[in-house]
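Here is how the chains run, residue by residue.
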Amino acid sequence: MAKLDQNLTPLFTVLKDVYAKRNVTPFHVPGHKQGNGMDEEFLEFIGRNALKIDVTIFKMVDGLHHPTSHIRKAQELAADAYGVNQSFFAVNGTSGAIQAMILSVVKSGEKILVPRNVHKSVSAGIILSGAIPIYMNPEIDNDLGIAHGVKPQTVEKMLEQHPDVKAVLIINPTYYGVATDIKKIADIVHSFDLPLIVDEAHGPHLHFHEDLPISAVDAGADICCQSTHKIIGAMTQMSLLHVNSTRVNPNRIQQILSLLHTTSPSYPLMASLDCARRQIATKGRELISKAIELANFTRSELNKIPGVYSFGEEIVGKEGVFAFDPTKLSISVKEMGITGFELERILIEDYNIQMELSDFYNVLGLITLGDSMESVTKLIDALKDISSKFFDTTDVKPIKSVRIPSVPEQVLIPREAFYSETNVISFTESENKICAEMIMAYPPGIPIITPGERISKEIIDYVYELKETKTQLQGMDDADLNTIKIIEEEDAMYIYTEKMKNKLFGVPLNLGADKSGIEFGIDVLVETYPDTFDEIEIIDVEKQRENFNTPNLKYKNTILHTCEKLAKSVDEAIVDGYRPIIIGGDHSISLGSISGVAKTNKNLGVIWIDAHADMNTDETTLTGNIHGMPLALLQGAGDPDMVDCFFKGRKINPKNVVILGARDIDVREYDVIEELGVKVFHYDDIIRKGMDKVLEEIDDYLKIEDIHISLDIDSINPNSAPGVSTPVKNGLDEDDVYKTFKFLFKNYFITSVDIVEYNPTYDKNNKTAHLVKDFTDYILNPIY
């Protein structure tokens with residue numbers, strides 16, 4: 001029940017009764033100046049009133065990107081009418097709203113569960129976000145030749161198979177008016193603590209009538225968008241985006257809409273939406289009842305015509321059909337031997353009736369608030385005439401079975417495929433190539449293959465079957481599919497995402513710790529666990545001439561030389577689209593690894609998991625061992641030559657650094673930490689608060705997206721990891737490390753990882769080696 005006065009139209013009223021009535025002399029865009037500079041023929045046809053309220057953003061009429069008055073009130077009225085937390089005017093249509101929804105719930109490299117038959121705006125949103133689509137098939141109706149909804153059981157099964165999915169997108173209802181059990185789907189998705197976003201383009205009227213399928217927000221969806229120009233009375237291009245959950249941040253939505261929307265939104269279009277909301281909120285039930293009555297009458301009359309079938313409530317209960325919107329009028333005349341494509345052409349050319357769409361079997365018409373008995377009677381009479389010309393009971397065409405091949409292997413995510421270089425080859429020679437186009441067949445309107453997927457023999461054979469039956473194929477540059485655009489493996493562009501390929505580097509450096517044994521760690525790992533480490537690239541340590549008159553920087557030249565070699569290799573790996581994973585060696589190698597990452601990432605964060613802080617300088621060190629200095633050097637504190645490793649100046653901002661698990665920090669080291677302002681979560685903090693609470697505090701503290709993880713094995717309790725050079729009593733357990741990894745991979749983009757200080761000479765029964773192997777395996781294939 002609405003709480004606000006839904007008779008109000010704040011935006012339309014200020015445009016009509018304030019701006020237009022004041023007879024303002026405009027020195028603002030648009031340049032037609034209230035129609036005075038408009039083409040005469042267009043002006044005569046369109047009239048002056050619409051042009052008088054065609055204005056730009058200024059205080060009197062409010063602005064869409066930061067609404068404070070009239071637009072804000074109009075959006076609040078929309079939220080009140082639909083019973084949601086917050087509503088936004090989407091001036092780029094529902095396509096733009098869908099893209100905003102996707103960008104609000106997934107980041108680059110994160111997975112989103114979507115139906116296979118999504119609108120192209122969903123594909124565009126996935127490309128823009130860099131997300132990884134996980135496809136689920138809707139239910140296919142062979143009799144009708146269309147796809148219905150996705151079953152709740154399908155959603156649940158896919159979420160169980162893909163526990164790292166970040167959000168679920170559902171189309172409901174379909175273009176043909178078929179609704180799935182969206183309430184049950186919402187409950188399932190929320191049981192996994194994920195947001196449900198709904199493409200409800202065809203459902204802006206559902207909330208206002210009990211005889212229609214339940215609306216997405218009433219069913220518990222977190223966010224949905226609706227095409228208010230499809231059924232209710234807004235002008236073309238206008239849409240509403242509703243947020244009704246704390247799982248989605250409305251401020252984030254506003255930010256994303258501002259990125260996607262034009263900075264010059266149309267005020268006449270927005271005013272039409274303001275008034276359409278008033279109409280549906282105050283008269284919706286009455287008007288929708290009339291539309292439903294007209295639709296049911298039309299369907300009943302059409303089904304009396306020989307060779308014509310318009311499905312209705314009788315399909316409820318089929319797989320993927322939980323409810324049906326009667327205002328959608330699907331008409332099939334396949335028993336006359338006419339395809340939907342042909343029927344659409346006949347209706348417009350011979351009867352001046354334009355349908356909404358056509359497929360192989362059907363045409364679709366919409367019965368809206370604007371229909372009348374006169375308009376539906378014209379359609380009924382036209383179908384009667386067509387039946388008299390085409391229906392022949394002696395020549396009924398057989399129903400063609402609809403099937404789809406299995407979902408192909410996804411080699412590239414859509415964003416990668418979009419930006420990769422393409423070539424054109426013969427379709428017959430395309431087996432095992434990466435497809436750069438979409439191939440879609442009607443029926444059932446589900447992509448056979450999408451860009452980034454591998455073309456299989458099954459797909460090639462299926463396409464030739466379809467061509468033999470003259471099924472319409474869409475989506476390709478070559479409509480006949482004699483040729484196809486493909487991406488060669490060497491031309492594939494891998495974007496920096498969580499699914500990116502990893503590259504292992506080994507740095508057998510022990511001079512930073514000045515302890516023998518660390519240099520053999522990589523050899524032991526390769527020999528013991530070849531499946532994990534056999535492709536590791538070794539950065540050789542080349543001894544340099546040292547100045548032994550500087551005891552506070554032992555082996556400075558060799559360490560710096562090694563770190564610069566490592567930094568160059570890491571930088572090249574990142575440019576090529578890899579995530580570098582660096583195995584030490586002592587912790588001094590992090591000067592090289594992080595410098596390599598920071599070359600192209602100026603706002604890099606670092607999680608330093610260590611029993612020590614490694615924030616001494618050559619002035620505070622007690623030992624002169626450089627493995628106790630890299631974190632300070634990376635922040636610009638210490639020896640200038642070392643600070644300038646790979647490129648001049650500091651590599652990371654202290655506010656982006658967190659030390660986790662420290663339990664042995666030198667007295668003067670605390671001075672450096674305090675001076676730089678680095679956040680430290682001691683081991684005692686973890687014991688006192690628990691790791692979960694500490695991780696939450698880290699998330700609150702860090703205001704960045706990209707993280708380098710540097711794991712020193714001595715952060716772990718020596719009982720579990722004896723193979724280290726500088727053990728410290730107590731420490732993290734294995735579960736603490738995995739919990740940290742899972743949290744970081746889930747909430748941040750992990751650019752790179754160090755695992756350091758494994759010393760096999762102190763190990764017992766390969767306990768530490770096995771930990772390093774298991775940690776590396778997890779980083780190579782993170783599950784969170």
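Look a little higher up for the structure.
Because the structure is predicted, anything quoted here is derived from the model rather than measured.

Asker: Can you explain the overall build of the protein chain? Please cite residues and give values.
Answerer: What the protein chain contains, in helices and strands, is 26 helices and 28 strands. With the C-alpha coordinates of the protein chain rotated into their principal frame, the extents come out at 100 × 70 × 50 Å. Look at the contacts in the protein chain between residues 6 or more apart in sequence, and 73% of them connect residues 24 or more apart. Carbon and sulfur atoms make up 48% of the accessible area of the protein chain, which amounts to about 32,700 Å² in all.

Asker: Please give an account of the layout of surface pockets that cites residues and values.
Answerer: Its boundaries defined by the atoms lining it, the second largest pocket holds a volume of some 1,100 Å³. Elements with a contribution of two residues or more to the lining of the second largest pocket: α5 (93-105), β6 (165-171), α10 (250-260), α24 (691-701) and α25 (734-747). A per-class count over the lining of the second largest pocket returns 14 nonpolar, six polar and twelve charged.

Asker: Give a description of the sheet that holds strand β10 (residues 239-243) that names residues and reports values.
Answerer: A sheet is described by the order of its strands in space; here seven strands give the open sequence β1-β10-β9-β8-β6-β2-β3, paired in mixed fashion. Edge positions in the sheet fall to β1 (86-90) and β3 (132-136), since each has one partner strand and no second. Between one strand axis and the next, the sheet turns through 20° on average, direction left out of account. Summarising the sheet, β1 and β10 pair through five bridges and their orientation is antiparallel. If you follow S87 over to β10, its bridge partner there is H242. Helix-sheet contacts for α5 involve β1, β2 (111-115), β6, β8 (196-199), β9 (223-227) and β10, and the interaxial angle to β9 is about 170°.

Asker: Got a sec to walk through helix α11 (residues 267-302)? Specific residues and values, please.
Answerer: Taking 1.5 Å of rise per residue, 36 residues should cover 52 Å, yet α11 covers just 41 Å from first to last C-alpha, more than 12% shy of that figure. A bend of about 85° at K283 is the largest found in α11. Between a side-chain oxygen at the N-terminus of α11 and the backbone nitrogen of L269 the separation is 3.3 Å; the capping residue is S266.

Asker: Before we move on, could you go through the packing of α5 against helix α6 (residues 120-129) and cite the residues and values that matter?
Answerer: Packing of α5 against α6 brings their axes to within 8 Å, and their N-to-C directions diverge by 40°. Compared by their axis directions, α5 and α6 come out oblique. As α5 runs across α6, the sense of the crossing is right-handed. For the pair α5 and α6, the contacting residues are S95, I98, Q99, I102 and L103 in the first and S121, V122, A124, G125, I126, L128 and S129 in the second. Of the residues assigned to the contact of α5 with α6, the class counts are seven nonpolar, five polar and no charged.

Asker: Just give me the short version of the packing of aromatic side chains, but keep the residues and values in it.
Answerer: Ring pairs (aromatic) are described by centroid distance and by the angle formed between their planes. Following the criterion strictly, the structure yields 13 aromatic pairs and no others. Relative to Y555, the ring of F548 lies with its centre 6.4 Å away and its plane at 90°, an arrangement referred to as edge-to-face. Overall, the relative accessible area of 64% leaves F548 in the exposed class. Assessed through its relative accessible area of 25%, Y555 is described here as partly exposed. For the ring pair Y738 and F775, a centre distance of 5.3 Å and an interplane angle of 70° mean the geometry is edge-to-face.

Asker: Quick one: what's the story with the side chain of T562, residue by residue and with numbers?
Answerer: Within the fold, T562 resides in helix α18 (residues 556-575). Residues in contact with T562, not counting those within four places in the same chain, are V507, L509, I539, V541 and E542.

Asker: A description of the pattern of salt bridges should follow, citing residues and the corresponding values.
Answerer: A complete count under the given rule lists 34 salt bridges for this structure. In this structure, K318 engages D141 in a salt bridge whose closest nitrogen and oxygen atoms are separated by 2.9 Å. One end of the pair, K318, is in the loop between α11 and β11 (323-324); the other, D141, is in strand β4 (residues 140-141), and 177 residues separate them in sequence. A relative accessible area of 33% means that K318 is categorised as partly exposed. Salt bridges here are not isolated pairs; linked through shared partners, they connect K16, D17 and K21.

Asker: Any details on empty space enclosed by the protein? Residues and values, ideally.
Answerer: Scanning the model with the defined rule gives five cavities of 30 Å³ or more in all. When its volume is computed, the largest cavity comes out at roughly 60 Å³. Around the largest cavity, the lining residues are R116, N137, I404, P405, S406, V407, P408, I446, P447 and I448. Within the lining of the largest cavity, the residues separate by chemical class into seven nonpolar, two polar and one charged. As a volume, the second largest cavity reaches approximately 50 Å³. Every residue along the wall of the second largest cavity is listed here: L64, H65, P67, Q75, F88, F89, Q254, L257, S258 and H261.

Asker: Can you break down the packing of helix α7 (residues 152-161) against helix α8 (residues 182-191) residue by residue, with the values?
Answerer: Between α7 and α8, the least distance of the axes is 9 Å, while the angle of their chain directions is 15°. The pairing of α7 with α8 is recorded here as roughly parallel in orientation. Once α7 is placed against α8, the crossing between them reads as right-handed. Of the residues in α8, those in contact with P152, V155, E156 and L159 of α7 are K184, I185, I188 and V189. Tallied by class, the residues present in the contact of α7 with α8 amount to six nonpolar, no polar and two charged.

Asker: Hey, could you go over the state of the cysteines for me, with residue numbers and the actual values?
Answerer: By the definition in use, this model includes zero disulfides. Among the cysteines around C224, which has no disulfide bond, C225 carries the closest sulfur, lying 6.7 Å off. The exposure class of C224 is buried, given its relative accessible area of 0%. For the unlinked cysteine C645, the closest cysteine sulfur is that of C563, found at 5.3 Å. By relative accessible area, which is 0% here, C645 ends up buried.

Asker: Explain the pairing of strand β12 (residues 328-332) to me, and be specific about the residues and the numbers.
Answerer: A large share of β12 lies buried, amounting to five of its five residues. Burial of β12 is two-sided: the residues K328, S330 and S332 facing one way and the residues L329 and I331 facing the other way are all buried.

Asker: Run through the nonpolar core, naming residues and quoting values.
Answerer: Core analysis: the largest hydrophobic core is formed by 60 residues, its most contacted members being V155 and L196. For this core, the leading source of residues is α11, giving ten residues. Not counting residues up to four positions away in its chain, the partners in contact with L196 are V168, I170, I182, I185, A186, V189, H190, A221, D222 and I223. L504, I607, M691 and L711 belong to the second largest nonpolar core, which has 46 residues in total.

The rules behind these values
Residues numbered from 1 in each chain as written. Predicted model: local features only at pLDDT ≥ 70, side-chain atom pairs only at ≥ 80, totals over all residues. Heavy atoms only, no water. Helix = DSSP H or I, 4+ residues; strand = E, 2+ residues; numbered from the N terminus. Contact = heavy atoms within 4.5 Å. Areas by Shrake-Rupley, 256 points an atom, 1.4 Å probe, with all protein chains shown as cover. 1 Å grid on protein atoms, 1.4 Å probe; cavity = no way out; pocket = protein on both sides within 12 Å on 5 of 7 lines; lining within 4 Å. Points joined across faces, edges and corners; volume = space filled by probe spheres on them. Nonpolar A, V, L, I, M, F, W, Y, C, P; charged D, E, K, R; others polar. Pairing = 2+ DSSP bridges. Axes fitted to C-alpha atoms, helices over the stretch in contact; angles between N-to-C directions. Expected span 1.5 Å × (residues − 1). Bend = angle between axes of the 7 residues up to and from the residue. Polar contact = N/O pair within 3.5 Å; in protein donor to acceptor, adjacent residues only side chain to side chain. Parallel < 35°, antiparallel > 145°, perpendicular 65-115°, else oblique. Left-handed = near helix turned anticlockwise from the far one by under 90°. Phe/Tyr/Trp six-rings, centres within 6.5 Å; stacked < 30°, edge-to-face > 60°. Buried < 20%, exposed > 50% of the residue type's maximum accessible area, 1.4 Å probe, protein only. Salt bridge = Lys/Arg side-chain N within 4 Å of Asp/Glu carboxyl O. Disulfide = S-S within 2.5 Å. Core = buried A, V, L, I, M, F, W, Y, C linked by side-chain atoms within 4.5 Å.

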